[in-house]
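Results of the structural survey
Residues per chain, in single letters:
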Amino acid sequence: MSTQSLKDLRAKLGTIVREVAATGEEVVITDSGTEVAVLISMADYERLHEHADVADALRLRRMRETPFETMSMSEMIEALGIDPETVLAS
């Protein structure tokens, strides 16, 4: 992984993007010494999204396996600490 400042990146953007695409090596972008972004290859980007989709599917599966309880509107208002008069006024 390499690091490039925004100032240097402006001058060499095409070269750096082609290098990231060819090697898959990430580039951390800094602005006044602070890391602000990362440039990654399209393949890495797609893999990240695939992993996120799998993680979301697993989370949803776990949520569906957990039984849920229903409650009345008055129980919900009480559990949330809401004044019933405020709810009725809106």
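Here the structure is a predicted model, which is why all the values come from computation and not from measurement.

This part covers the nonpolar core. Formed by Leu-9, Ile-16, Val-20, Val-27 and Ile-29, the largest nonpolar core amounts to five residues. Elements that contribute at least two residues to this core include exactly helix H1 (6-23) and strand S2 (27-31). When residues no more than four places from it in sequence are discounted, the contact partners of Val-27 are Ser-2, Gln-4, Ile-16, Val-20, Ala-37, Val-38 and Leu-39.

A large share of S2 lies buried, amounting to four of its five residues. Summarising the sheet, S2 and strand S3 (residues 34-39) pair through five bridges and their orientation is antiparallel. Bridge pairing links Ile-29 to Ala-37 in S3. Taking the residues between adjacent antiparallel strands as the criterion, S2 and S3 are bridged by two residues, where Ser-32 takes a positive phi near 55 degrees.

Before going further, it helps to examine a nonpolar patch on the surface. A contiguous nonpolar surface patch, about 550 Å² in accessible area, is contributed by Met-71, Met-73, Met-76, Leu-80, Ile-82 and Val-87. With three residues, the top contributor of residues to the nonpolar patch is helix H3 (residues 73-80). Looking at the secondary structure, you find Ile-82 in the loop between H3 and helix H4 (84-89).

Spatially, S1-S2-S3 is the arrangement adopted by the three strands of the open sheet, whose pairing is mixed. Both edges of this open sheet fall to strand S1 (2-5) and S3, since each of them pairs with a single strand only. Adjacent strand axes in the sheet meet at a mean angle of 35 degrees, parallel and antiparallel pairs treated alike. The sheet contact formed by S1 and S2 spans four bridges and is parallel. In the strand pairing of S2, Gln-4 is matched with Ile-29. Lying on the sheet, H1 is in contact with S1, S2 and S3; it crosses S1 at an angle near 140 degrees.

Reading guide: rules and limits
- Residues numbered from 1 in each chain as written.
- Predicted model: local features only at pLDDT ≥ 70, side-chain atom pairs only at ≥ 80, totals over all residues.
- Heavy atoms only, no water.
- Core = buried A, V, L, I, M, F, W, Y, C linked by side-chain atoms within 4.5 Å.
- Buried < 20%, exposed > 50% of the residue type's maximum accessible area, 1.4 Å probe, protein only.
- Helix = DSSP H or I, 4+ residues; strand = E, 2+ residues; numbered from the N terminus.
- Contact = heavy atoms within 4.5 Å.
- Pairing = 2+ DSSP bridges.
- Patch = residues over 30% accessible without salt bridge, like charges linked within 9 Å, V, L, I, M, F, W, Y side chains within 5 Å.
- Areas by Shrake-Rupley, 256 points an atom, 1.4 Å probe, with all protein chains shown as cover.
- Salt bridge = Lys/Arg side-chain N within 4 Å of Asp/Glu carboxyl O.
- Axes fitted to C-alpha atoms, helices over the stretch in contact; angles between N-to-C directions.

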